[in-house]
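Given next are the chains, with one letter for each unit.
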Amino acid sequence: MNATEEKTLPPELLHFRNRLKCSFEQIDDVFEDCMRDAQRKLSNKGVDDYLKGASLICMIGRGVEPVLQFMEVIPELAAKLGEEVINQISDGVWEVSRTPNGIAIPPFMATLQEAGRRLGSQNQFTHYMEILFDMMERTTGSIHGHHTTFPSPGLPDLLNQMPYLLSQVSLEGLRNWIDYGIRNYGDHPERQKDYFTLQSADARAMLQRERHGTLFADNERNLVIYLKALWDDKDYLVPYSTGFDELRKPVPYYDKLGMRIPDVYDDVVDDTTGTTIKGIDRYRAVLAHMAAHRRWSSQMVADNFSPFQRIAIEVLEDSRIEYLAIQEYPGLRKLWLSLHPVPVEGECNEEGISCIRHRLAMLSYAMLNENHGYKDKDILITVEAFHELMKSNEKTETKDMINLGLGYITRTRRQEDQAAKMFFDNTIIEYRDDNRRLWVFIEEGDEEESFDNDPKKVEEEEELHALPPRHYPEWDYNTKSYRPDWVSLYESLHPSGDPAVIDGILEKHSALAKRLKQILDMLKPQNYVRVRYQEEGSELDLDVAIRSLIDFKSGAQPDPRINMSHKHDGRDIAVTLLLDLSASLDDKPHGSTQTLLELSQEAVSLLGWAIDNLDDKFSIGGFFSNTRHDVKYLHFKGFNERWTDEVKARVAKMEAGFSTRMGAAVRHAGHYLSNQKADKKLLLILTDGEPADIDVNDAKLLIKDAHKAVGELDMEGIYTHCISLDPKADEYVSDIFGSHYTVIDNVSRLPEKLPQLFLALTK
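Small disclaimer: the values here were computed from a predicted structure and weren't measured.

Calculation notes
- Residues numbered from 1 in each chain as written.
- Predicted model: local features only at pLDDT ≥ 70, side-chain atom pairs only at ≥ 80, totals over all residues.
- Heavy atoms only, no water.
- Helix = DSSP H or I, 4+ residues; strand = E, 2+ residues; numbered from the N terminus.
- Buried < 20%, exposed > 50% of the residue type's maximum accessible area, 1.4 Å probe, protein only.
- Contact = heavy atoms within 4.5 Å.
- Patch = residues over 30% accessible without salt bridge, like charges linked within 9 Å, V, L, I, M, F, W, Y side chains within 5 Å.
- Areas by Shrake-Rupley, 256 points an atom, 1.4 Å probe, with all protein chains shown as cover.
- Salt bridge = Lys/Arg side-chain N within 4 Å of Asp/Glu carboxyl O.
- Lys, Arg positive; Asp, Glu negative; His and termini not counted.
- Charge placed at Lys NZ, Arg CZ, Asp CG, Glu CD.
- Core = buried A, V, L, I, M, F, W, Y, C linked by side-chain atoms within 4.5 Å.
- pLDDT = per-residue confidence, 0-100.
- Arc of directions from axis to C-beta.
- Pairing = 2+ DSSP bridges.
- Axes fitted to C-alpha atoms, helices over the stretch in contact; angles between N-to-C directions.
- Phe/Tyr/Trp six-rings, centres within 6.5 Å; stacked < 30°, edge-to-face > 60°.
- Lys NZ or Arg CZ within 6 Å of the ring centre and 35° of its normal.
- Disulfide = S-S within 2.5 Å.
- Parallel < 35°, antiparallel > 145°, perpendicular 65-115°, else oblique.
- Left-handed = near helix turned anticlockwise from the far one by under 90°.
- Nonpolar A, V, L, I, M, F, W, Y, C, P; charged D, E, K, R; others polar.

Novice: Which residues make up the side chain of T720, and what are the values?
Specialist: Mapped onto the fold, T720 is located in strand 23 (residues 718–724). Here T720 falls in the buried class, since its relative accessible area comes to 4%. Here T720 is in contact with L683, I685, V710, L713, F737 and H740, once residues within four sequence places are set aside.

Written out as structure tokens, the structure is:
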């Protein structure tokens, strides 16, 4: 520093500047302000550590930016968290500079202020630093395994997202979210970057799981029951994310597709009473308000009113439907009052600011709370007129609020209402929807949004061959946790071939079919049982008829159920045959002239014919996979289909390809089985090898996931049995299915063994 520059600083600060071992000219422009701030907030030792830390950061060779960030942030941070953070941060930055991750220092420094504000204590900040350093060490690469060589791909992106992450999750949630990304993307730099920039769906799904507050996903069933029980409303509840749309800040609303509500609600404190309102109660407040709209509100033509008039009418209509709802459920008043802002009369009085929101919020609060305490003449007149109308007419309508709203907005209109700057304090009523369904626009203009525009129609000749993907979790045995929405499964009908092929197979095995027919005849229900107490039936139930006649003669009301009918005392079973259609089915087993695919086709044909003769509920599905992003589930036969030429044609076209990701297919087959009404539910899995896929390096991962899927089905009362064609199946099949499996050593006998095994399992 030269003599000219020294003279620009007050004498008492010159020795501090000399102790700062950093010659960047930009520092001199801010040094005095930073130093004054440090002297006010730090002890003498803190000031010494402050200057030493800034000097140390200057020595790392990353330019002036980290030094300036340190000098500007540290005084306030140290005053809030404790002066220990000064050395903690400077030493941490020095350690990072000794690694290939120097590029992450500026974004790290940029996160300090927000981290200090969110974390609030030295202990929490220490944990935060430990999380970051652990992430850096685990993701920094090395060529020979001894010295780090490649920087962490995701660390700079993680730090850039840190202010947002800290606003969404707790410190524990942040640690879990980061740990998940490292475990699953530690060896893939590009996917790691996608994860820590929140670009991947997996990252967003995991962040949603770690978010604090009351999650919609955890309470959906309770909310649906609440809506049905209290409001007799069965509309869909559709969650939206408040965390990924900071600019638009969506609010609740309902449309043709359902009632849209946030995916998470935090607990809040009622400022007037100090009580805590739970997130689940905030959900109930929102749903009650929208349900009241759906019951009592009707639409109006928006073109007839100005924007100011519309918002006044909306406030009156909101108050009207809440008044009607409170008449049925008085407890709603307390709930809505606890969530309604309490505008302070006279608070909006600055020139050049529009106060229309403030006045309408006061009006809304006054109509909800009779003890509002406002003195404004226009509010008192409107509130009195509102209550007189509601008490004198039990069947008020939406149009009744038009005159009240227009009268209020006309009396209170001011020139400042046109101002660009709007007063928002205590005016946002978060539990109310945006009222888009109150209005119909006859002519399109610049003010309205077309909420219900019809989407582009699909051309009539265009056929849809597949459904949208279903997403299933996958079990990670290393972490003992699910990877949420990890597997994308696409289902469709299997293409059709020539049904005569299947008829030829049945003719080829006619001798076997004849033997099976004898067994089937014995398994078919033979006995009839009586079903008594029927008003209509096949014959008279004499005992009940005589008792009814006696009642009639004695003057009592006779029982009209004097008939009875008969039904078979039969089988009540639902079966799904799930076929592994991986590429290995094209192999020919030793000593056979047919491929595994051809043998499986013959076995399925015989089994389908046999089950159709028994009239059991039966479906056939097949699956293969090409990474977790593309698991195919193909329908050969549905539960409601008979063994017709259409089904035979699909089986005739059976083809094999790709890999075996079994867990998702098992879960999907179980999804359909669980919806069947049957005393016994059976899932038969025909496979020729262990679960595997090209994007999985750990051989145990998919085996453990398949085992977990089988366990999930078992908890739902679905019995799973595996028929394996792999001679080495004993090495792994018991790890998936326990003792519920059969290994067919002589694969050429599969067409005979599969139907017999089914009959044995379903006796």
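Novice: Outline a negative patch on the surface, supporting the account with residue identities and numerical values.
Specialist: A cluster of like negative charges, contributed by E690, D730, E731 and D745, occupies part of the molecular surface. Its place among the elements puts D730 in the loop between strand 23 and helix 27 (733–737).

Novice: Before we move on, could you go through the nonpolar core and cite the residues and values that matter?
Specialist: If you look at the biggest cluster of nonpolar residues, it comprises 100 residues, and the most contacted ones within it are Y50, I89, F125, Y128 and W177. Residue contacts for F125: discarding those within four places in its chain leaves L77, L81, V85, Q88, I89, L112, A115 and L119. By size, the runner-up hydrophobic cluster in this structure holds 45 residues, among which are L579, W609, V747 and F758.

Novice: Any chance you could break down the confidence of the model for the protein chain for me, citing the residues and the numbers?
Specialist: Per-residue confidence for the protein chain gives a mean pLDDT of 84; residues scoring 70 or more make up 91%. The secondary structure element of the protein chain with the lowest average pLDDT is helix 1 (residues 3–6), at 40, and the one with the highest is helix 25 (residues 662–674), at 94. In this model, residues 1–7 is a region of pLDDT below 50 whose contacts with residues beyond four sequence positions or in other chains number eight contacts. pLDDT under 50 marks residues 453–466. Its contacts with residues more than four places away, or in other chains, come to four contacts.

Novice: Summarise helix 16 (residues 331–339); cite the residues concerned and give the values.
Specialist: Among all positions of helix 16, only L332, L335, W336, S338 and L339 are buried. Here the buried residues of helix 16 occupy an arc of 160° about the axis, which is enough to place them on one side.

Novice: Account for the sheet that holds strand 6 (residues 258–262), naming residues and giving values.
Specialist: Each strand in a sheet pairs with its neighbour through backbone hydrogen bonds, running either in the same direction (parallel) or in the opposite one (antiparallel). As summarised here, the arrangement of the three strands in space is 4-6-5, forming an open sheet in which the pairing is mixed. Among the strands making up the open sheet, the edge pair consists of strand 4 (237–240) and strand 5 (253–255). On average, each strand axis in the sheet is tilted by 30° relative to the strand beside it, whichever way the strands run. Pairing geometry for strand 4 and strand 6, over four bridges, is parallel. Opposite P239, over in strand 6, you have I261 as the bridge partner. Here helix 14 (residues 279–296) sits on the sheet in contact with strand 4, strand 5 and strand 6, set at roughly 155° to strand 6.

Novice: For the packing of aromatic side chains, give the residues involved together with the corresponding values.
Specialist: All chains considered together, the criterion is met by 17 aromatic pairs. Following the ring pairs from residue to residue traces out a cluster consisting of W177, Y180, Y185, Y195, F196 and W486. One cation-aromatic arrangement involves R98 over W94; the distance from NZ or CZ to the ring centre is 4.3 Å. The side chain of R295 reaches across the aromatic face of W296, ending 5.3 Å from its centre.

Novice: Account for helix 12 (residues 201–210), naming residues and giving values.
Specialist: Within helix 12, seven of the 10 residues are buried, which leaves the element mostly enclosed by the surrounding structure. Where helix 12 is buried, its residues touch helix 9 (155–168), helix 10 (171–185), helix 11 (189–196), strand 3 (214–215) and strand 15 (481–493).

Novice: Mind laying out the sheet that holds strand 14 (residues 470–476), listing which residues take part and the relevant values?
Specialist: With mixed pairing, eight strands are arranged side by side in an open sheet as 14-15-21-20-19-22-23-24. Where the open sheet ends on each side, the last strands, each with one partner, are strand 14 and strand 24 (741–743). If you compare each strand with its neighbour and ignore which way they point, the axes differ by 25° on average. For strand 23 and strand 24, the ladder comprises three bridges, and the chain directions are parallel. Along strand 24, the bridge assignment pairs I723 with T742. Against the sheet, helix 26 (residues 699–715) engages strand 14, strand 15, strand 22 (680–687) and strand 23, with an angle of about 115° to strand 14.

Novice: Report on a nonpolar patch on the surface, specifying residues and quantitative values.
Specialist: Taken together, L540, L542, I546 and I550 make up a surface patch of nonpolar side chains, about 400 Å² in accessible area. Of all the elements, helix 22 (residues 542–553) adds the most residues to the nonpolar patch, at three residues. Here L540 lies in strand 17 (residues 539–540).

Novice: Lay out the state of the cysteines with the relevant residues and their values.
Specialist: This model, assessed by the stated rule, comprises two disulfides. Here C22 engages in a disulfide with C58; their sulfurs sit 2.1 Å apart. Every disulfide takes its handedness from the sign of the S-S torsion; for C22 and C58 that torsion is 70°, giving right-handed. Of this pair, C22 sits in the loop between helix 2 (11–19) and helix 3 (25–41) while C58 sits in helix 4 (residues 44–58), and the two are 36 residues apart along the sequence.

Novice: Describe the packing of helix 17 (residues 356–368) against helix 19 (residues 400–412), and please don't skip the residues or the numbers.
Specialist: When two helices pack together, their arrangement is given by the angle between the helix axes and by the axis-to-axis distance. Across the interface, helix 17 lies against helix 19 with an axial gap of 12 Å and an inter-helix angle of 135°. In terms of axis orientation, helix 17 runs oblique to helix 19. Crossing handedness for the pair helix 17 and helix 19: right-handed. On helix 19, the residues touching I356, R359, L360 and L363 of helix 17 are Y408, I409 and T412. In the contact of helix 17 with helix 19, the residues fall into five nonpolar, one polar and one charged.

Novice: Kindly report on the side chain of E314, identifying the contributing residues and their values.
Specialist: Structurally, E314 is set in helix 15 (residues 307–328). There is no salt bridge for the buried E314, and the closest opposite charge comes from R310, which lies 5.6 Å off by N-O distance. Ignoring sequence-local partners within four residues, the contact set of E314 consists of N435, L438 and W439.

Novice: Can you lay out the pattern of salt bridges for me, pointing to particular residues and giving the numbers?
Specialist: Scanning the entire structure with this criterion turns up 42 salt bridges. Note that D48 is salt-bridged to R19, the shortest N-O span being 2.3 Å. With a gap of 29 residues between them, D48 in helix 4 and R19 in helix 2 connect regions that are remote in the sequence. On the basis of relative accessible area, D48 is assigned to the partly exposed category, the value being 27%. For K648, the salt bridge is made with D645, and the minimal N-O distance between the two is 3.9 Å. Taken as a pair, K648 and D645 lie in helix 24 (residues 645–652) at a separation of three residues, close to a single helical turn. By relative accessible area, K648 is classed as buried at 11%.

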